[in-house]
Amino acid sequence: QVQLVESGGGLVQDGGSLRLSCAASRSGFSIHAMGWYRQAPGKQRELVASTTNDGVANYANSVKGRFTLSRDNARNTVYLQMISLKPEDTAVYYCNVQFWLAGKFYSAWGQGTQVTVSS
């Protein structure tokens, strides 16, 4: 079983930067797709950024040009680099990884990490 542990959230000022990390508990799996979602209080969870294993990333219009999705295969970790943060980016951010392990397909979620952007 693969578990995802998120880190990197916190409080930042308007215009600041953060990098979120999502580390897998083990290696030996093949990533099919990965993405980051966020959920603000009272709102539904929305897709922020996603990519398939070809490395081409897609971003929500609200974060395009400010957020960058990346991965470090050696550390079994995916990242979301966020710059020029705005108060409207405040939310709990969740990573999602879809992967193959021992011939089976799985979808795993991180526990969520809080990002708060002050004005």
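Higher on the page you've got the structure.
Residues numbered from 1 in each chain as written. Predicted model: local features only at pLDDT ≥ 70, side-chain atom pairs only at ≥ 80, totals over all residues. Heavy atoms only, no water.

(A) Region of the structure containing the state of the cysteines. The full count for this structure, using the stated rule, is one disulfide. At a sulfur-sulfur separation of 2.0 Å, the disulfide partner of C22 is C95. With the S-S bond torsion at 55°, the cross-link from C22 to C95 turns out right-handed. Of this pair, C22 sits in strand β3 (residues 18-24) while C95 is found in strand β9 (residues 91-101), placing the two residues 73 residues apart along the sequence. Each member of the pair, C22 as well as C95, carries the same accessibility label: buried. (Disulfide = S-S within 2.5 Å. Helix = DSSP H or I, 4+ residues; strand = E, 2+ residues; numbered from the N terminus. Buried < 20%, exposed > 50% of the residue type's maximum accessible area, 1.4 Å probe, protein only.)

(B) Here's a closer look at the pairing of strand β11 (residues 113-118). Side chains T113, V115 and V117 project from β11 onto a buried face, and the interleaved Q114, T116 and S118 project onto a face without burial. Examined bridge by bridge, strand β2 (residues 10-13) and β11 share four bridges and lie parallel to one another. Its bridge partner being in β11, G10 is matched across the sheet by V115. Here β9 runs beside β11; their pairing, made up of three bridges, is antiparallel. Following the sheet pairing, Y93 is matched in β11 by T113. (Pairing = 2+ DSSP bridges.)

(C) Quick look at the packing of aromatic side chains. Overall, the coordinates contain four aromatic pairs when judged by the stated rule. Ring geometry for Y37 and W109: centres 4.9 Å apart, planes at 55°, overall tilted. Here Y37 is found in strand β4 (residues 30-39), whereas its partner W109 is found in strand β10 (residues 104-109), with 72 residues between them in sequence. The exposure class of Y37 is partly exposed, given its relative accessible area of 22%. A relative accessible area of 39% means that W109 is categorised as partly exposed. Ring centres 5.5 Å apart and planes at 20° place the aromatic pair F99 and Y106 in the stacked group. Owing to a relative accessible area of 2%, F99 belongs among the buried residues under this scheme. By the ring-pair criterion, three or more aromatic residues cluster together here, those being F29, F99 and Y106. Between the NZ or CZ atom of R45 and the centre of the ring of Y94, over which it lies, the distance is 3.8 Å. (Phe/Tyr/Trp six-rings, centres within 6.5 Å; stacked < 30°, edge-to-face > 60°. Lys NZ or Arg CZ within 6 Å of the ring centre and 35° of its normal.)

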